[in-house]
There are 2 protein chains.
Amino acid sequence: MPVSLTKESDVDVLVIGAGPAGLMCANALGRANINVRIIDQRPISVAAGQADGIQPRIMEVFQSYGMNDRLLREAAHVHMAAFYNPGPNGGIERTGRASDVTAPTARYPFEVALHQGGIESIFLDSMAAAGVTVERPVVPISIELSNNEAELKDPKSHPVKVILKHLDAVEGQGDVEVVYANFVLGADGAHSWVRRNFGIEMEGEQTDYIWGVVDLVPDTDFPDIRNRCAIHSHNGSCMIIPREGDRVRLYIQLTDKDMVDPASGRVDKNRMGPKELLAVAQKSMHPFRISTSQDVHWWTLYIIGQRVATQYSVHERVFIAGDACHTHSPKAGQGMNASMNDTHNLAWKLAYVLRGWANLSLLKTYESERRKFAQELIEFDKLFSAQFSTKPRTDEGEDGVSHEEFLKTFQTFGGFTSGIGVHYGPSALVNTTHQASASKLIIGERMLPHVFIRAADARPMELQDLLPADTRYKVIIFAGDTNNKLQLKRAKALATEMDQPHSFLKRFAQGHIGAVFDVISVTSGNKMDVDYTDMPELFRPHWSKVLVDDTDMYNRSGAGGGYEYYGIDPEGAIVIVRPDGYVGMVAPFDHLEDVTDYFASFMLTP
Amino acid sequence: MPVSLTKESDVDVLVIGAGPAGLMCANALGRANINVRIIDQRPISVAAGQADGIQPRIMEVFQSYGMNDRLLREAAHVHMAAFYNPGPNGGIERTGRASDVTAPTARYPFEVALHQGGIESIFLDSMAAAGVTVERPVVPISIELSNNEAELKDPKSHPVKVILKHLDAVEGQGDVEVVYANFVLGADGAHSWVRRNFGIEMEGEQTDYIWGVVDLVPDTDFPDIRNRCAIHSHNGSCMIIPREGDRVRLYIQLTDKDMVDPASGRVDKNRMGPKELLAVAQKSMHPFRISTSQDVHWWTLYIIGQRVATQYSVHERVFIAGDACHTHSPKAGQGMNASMNDTHNLAWKLAYVLRGWANLSLLKTYESERRKFAQELIEFDKLFSAQFSTKPRTDEGEDGVSHEEFLKTFQTFGGFTSGIGVHYGPSALVNTTHQASASKLIIGERMLPHVFIRAADARPMELQDLLPADTRYKVIIFAGDTNNKLQLKRAKALATEMDQPHSFLKRFAQGHIGAVFDVISVTSGNKMDVDYTDMPELFRPHWSKVLVDDTDMYNRSGAGGGYEYYGIDPEGAIVIVRPDGYVGMVAPFDHLEDVTDYFASFMLTP
């Protein structure tokens, strides 16, 4: 028998699972030049079906990674929602239409839908450009975290030992591998192997709602087939999500009668196939006809569960994310979005610790920020799912859900479901002391998108596009009206102070300021008179970094009025935006030391 | 000695010259599945310098070929123009700023600048996807047009014999090739070999203006270095065009003194190099400093000539385009733009004739439409160049050009220089009879961009994006308010009539309507009530083809008010848009036979 020489190696981050949560993390880390590996048990990427709805906030996040153009090009755009309820003739009728998204500040105020494989491809191509590819089919067969305190506290140690098995290896020839990782991310789905290995519990329960999902190209006379539809009929509820090309996804409510084997009395998934699902939808959608002349692309059945993991990490060395730590209904289109936002939140923090820029304790904010969100999501999901699955109110039965109630829920939670309203509470990363200096830039929420023009060339620029997810902190100096000499003097004084060795910009810079901080300045002066060369040099590391709060030359882009929209003090404000795009702090010019304290609370001096 | 077996072959279109004019043609034809070859004498594509300014209309044209996203991504955007004149202290000072483009209806109301090689790459990649590549280095060594009348009149004949020489062929082994072409395009530059072979004259003259051009990355304190600048100083005139990245192009006026050899008294190009050019610019731009710490990327010298070819074709079998038929100053940034518009105009007409859809006579409109434009361009160029090269007016010298005069010229001709105002006169392709039905869609001008929303999914769509350069005629049915039953009845009656065998839609269809015509409909009904399924089927070949003239769900895209903006009769109008994006005809519903007559004037019944 041949002696198996087991391969052993170190890695900074090992990601287990290449779904959206794992890919978001691996892509972010790969682009940040962190040593990352990502494995998946599936031999190939998913080709159809699965999750598909992308909410406004995730589009902003995709944009921050330079991936949104492709997403918008390939996906279906969903702008309108239509609501159908029982009509007088036994069939359904439209009771109203509304905007699909209720989030006035969203940069992309609509949903998009693309099959999960399409979304994963966008990540795979972005990662490949950074030299990271998914290793597959590979499964972890054991995971062990060191119990040595010193090792656990040393960010340079590799305290997690994982044994991997390469499923397609030639038998006996190095199919098993040992990896020592600084950090491991379990992004391995609802039945997470990582979670179970560390005995992390899920809190919450299963519901009685059983739903079927079917993806098809419809042949129909239904006028809202390209809108998101919530259909309540006497024959059950049904939801329509338009998809890329001519495809459509139907979510279909199933009753016990459909699913239960009369002999055994138990749910029998063999009783349902795509044909049977379509037949149920046809009954709900009467008098409109719907059928398909093509094969069904994908279908599934599921029972709604609403659960959150009790903890998101083990000693800040092993993390779980995505479906591994929260499951809920797909009604509000949240699953994949929440999963990607989990690891978007985590990735830059891992990078900071691995580079030696920040304390390990920074990683505690991953659980505190993301678990709270997941709990709120479950609460919302319970309400929404119940309303969706309940019988509609009709003239006969006054105990159902009325169109108005349902629409109200839909719109009231628009900020939440869009991901736009996500709010991280005070922590080392969220300091609300000087909120008044930028009263409408809510600290702990994502930086509000707004268009400014560049001082040097009058080109309209979305400020969010100057805040890429490149792991740098963005330091935005709202310098006031620098065409005014007194205000320019104030800005110059601030620049002088920020240039001192004790200022955060120098103290936490790694070699040079631009490694950690990206400095941008915004003047409120009139564009016809502003010279970008007037701005202090520290505030314009490049000609493209000075913005003007004024209309563009043709008044078409929505530029102008930014100081007011953000509630910026006319005497100026410093706005600190985290690498993930959330406002971390604001401060007036005369409280620079508070900004330094903010960074000192989690960052290390080189 | 080996016997050289000369290769002989047929081709539908042979394009000589792979600059912007030739590439626009080859790309358009390749994508239309026309058998096209394109040759160029240069062994590789240009890498730097040459033409660079792209005007608003060409951006719309690029967009119609799906190439504009990349152009906008790679190029510098120029929104603002700044004007400098002699100041009180001997140096220059800014006398004003203005929008760089004066063309209110432009979809892209700014200029972009990218080196010619970058622009050519966009074409090369687009062509490659259609299987067309440039053959190089290849030169034509003889060209001969048959004088057989019957052959000349038969679009299926190959009356042009061209002998090509492959410069990199191994000696004696088939380096010479004979090509028989249906059509030849000479896009071979100002010294066109094709033009000279057919003895076509250039009308016009050389001027006395000598200019130098230099591309560099500046080190400067000049505040308008990223704007387009017109600088009139006591020390000569100078123009700045920002370029991609941090590059800038300087156009520098030269005086005899700089250029003339005192010994011989003749212009001596050896007296000038990039350093000397920069020194002249430095004098003009005083008191601002400008220098470069890098190598100059490209430089040249030229004398302005303003000339137009007396004819653009020989028997509609050999054509010339671009610099081969018009030369002028680069001051107004027109050269490359006019060249690309030439062949954008020609390509679809060649496709129609080659497919047997249209008479050869259609090709006469190429010269009538494009030569008139070139003549107007020369007239404008004379005025603009003279003003630019003339000394500025100062307090001392009242005979110069004032800032106000120069600005007025700059803005008055904005529609013309942007390419937006180009107007083709009445012809077989431009029928102005029923202008009143769409009073603000000027027949003979390009279709006005405007945003509508899609009826099926409320997605805002720029109407121009539904008019791609796919060689199809676009038939836009402005159906009026189809939520109104009477108006819907009118629309249905029109659909019934258009569905008859004598209607143009059936008579000139090649097998099926969609081969030649793309039908789009636009209702003015309220979006909350419109059902796309109400539109007659003939007017909605796909769910995406029905638009609504209403605001989008978030009122951000500029959608709404399109009927008024276009001056559409509330009872409806038929708008016929040529494959190159120009309005060919409009008609009221009750004059469908006039639309049929329009097509009958140049199209053939299969």
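Residues numbered from 1 in each chain as written. Chains lettered and ligands numbered in written order. Predicted model: local features only at pLDDT ≥ 70, side-chain atom pairs only at ≥ 80, totals over all residues. Heavy atoms only, no water.

In the nomenclature of an unreviewed UniProt entry, chain A is known as Phenol hydroxylase of Sparassis crispa.

Novice: I'm lost on the relation of the copies chain A and chain B in this one. Help?
Specialist: For the pair of chain copies, the relating operation is a rotation around an axis with a shift along it. Overlay of chain A on chain B (RMSD 0.0 Å): rotation 180°, translation along the axis 0.0 Å. Between the two chains, the operation in question is that of a two-fold axis. Most of the interface of chain A is mirrored in chain B, where 100% of its interface residues again form contacts. (Least-squares fit on C-alpha atoms with pLDDT ≥ 70 in both. Contact = heavy atoms within 4.5 Å.)

Novice: How do you make sense of the sheet that holds strand β24 (residues 473-480) of chain B when you look at a structure like this?
Specialist: Either a parallel or an antiparallel arrangement is found when strands of a sheet pair, and the pairing is made through backbone hydrogen bonds. Residues and elements named next belong to chain B. The seven strands are arranged β23-β22-β26-β25-β24-β27-β28 in an open sheet whose pairing can be described as mixed. Two strands close off the open sheet at either side, each with one partner strand: β23 (460-462) and β28 (583-587). Ignoring which end each strand starts from, the neighbouring axes of this sheet average 30° apart. In terms of strand pairing, β24 meets strand β25 (residues 517-523) through seven bridges, oriented parallel. In the sheet register, I477 faces β25, and the bridge partner there is S521. The strands that helix α17 (residues 592-600) touches are β24, β25, β27 (573-577) and β28; relative to β28, the one it contacts most, it runs at about 155°. (Pairing = 2+ DSSP bridges. Helix = DSSP H or I, 4+ residues; strand = E, 2+ residues; numbered from the N terminus. Axes fitted to C-alpha atoms, helices over the stretch in contact; angles between N-to-C directions.)

Novice: What exactly am I supposed to notice about the interface of chain A and chain B here?
Specialist: How big an interface is tends to be expressed through the accessible area that disappears when the partners come together. Opposite the 43 residues of chain A that make contact, chain B presents 43 residues. Carbon and sulfur atoms make up 49% of the surface buried where chain A meets chain B, a total of about 3,300 Å² over both sides. At the junction of chain A and chain B, the tally comes to four salt bridges. Here B:D531 makes a salt bridge to A:R94, at a shortest N to O gap of 2.9 Å. Between the two partners, chain A and chain B, sit 24 residue pairs in polar contact (both at pLDDT 80 or more). Examining the composition of the side of chain A that touches chain B, we find that four residues originate from one element, strand β6 (residues 92-99) of chain A, more than from any other. Partitioning the side of chain A that touches chain B into residue classes produces 22 nonpolar, eight polar and 13 charged. (Buried area = accessible area lost by both parts, 1.4 Å probe. Salt bridge = Lys/Arg side-chain N within 4 Å of Asp/Glu carboxyl O. Polar contact = N/O pair within 3.5 Å; in protein donor to acceptor, adjacent residues only side chain to side chain. Nonpolar A, V, L, I, M, F, W, Y, C, P; charged D, E, K, R; others polar.)

Novice: Teacher, can you tell me more about the side chain of A:E316 here?
Specialist: Residues and elements named next belong to chain A. Mapping E316 onto the fold places it in the loop between β19 (313-314) and β20 (318-320). Judged by its relative accessible area of 16%, E316 is buried. Side chain to side chain, E316 and K364 meet in a polar contact 3.0 Å long. Not counting chain neighbours up to four residues away, the residues in contact with E316 comprise F183, L360, L363 and K364. (Buried < 20%, exposed > 50% of the residue type's maximum accessible area, 1.4 Å probe, protein only.)

Novice: Mind showing me how you'd approach unusual backbone geometry here?
Specialist: The phi angle of most residues is negative, glycine excepted, and most peptide bonds adopt the trans form. With an omega of -10°, the peptide bond running from A:R136 to A:P137 counts as cis. Mapped onto the elements of the fold, A:P137 is located in the loop between β8 (134-135) and β9 (138-145). The residue after A:H286, namely A:P287, is reached through a cis peptide bond having omega 15°. Not every positive phi belongs to a glycine, and B:H315 is a case in point at roughly 50°. Along the chain, the position of B:H315 falls in the loop between β19 (313-314) and β20 (318-320).

Novice: Would you take a moment to explain the pairing of β25(B) for this structure?
Specialist: Every other side chain in a regular strand lies on the same face of the sheet, so the side chains alternate between the two faces. Residue and element names in this part refer to chain B. Where burial is concerned, most of β25 is hidden: seven out of the seven residues are buried. Examined bridge by bridge, β25 and strand β26 (residues 546-548) share three bridges and lie parallel to one another. Following the sheet pairing, V522 is matched in β26 by L547.

Novice: For this particular structure, what's the right way to read the domain arrangement of chain A?
Specialist: Residue and element names in this part refer to chain A. Per the domain assignment, the segments making up chain A are domain 1 (7-76 + 111-203 + 305-387) and domain 2 (435-601). Each of domain 1 and domain 2 has a C-alpha centre, and these two points are 33 Å apart. At the interface, 15 residues of domain 1 touch 18 residues of domain 2. Carbon and sulfur atoms make up 48% of the area that domain 1 and domain 2 hide from each other, which totals about 1,400 Å². Inspection of the region where domain 1 meets domain 2 yields two salt bridges. E369 is the partner of R578 in a salt bridge, and the nearest nitrogen-oxygen pair spans 2.7 Å. At the boundary of domain 1 with domain 2, the tally comes to eleven residue pairs in polar contact (both at pLDDT 80 or more). (Domains from an automatic or database assignment.)

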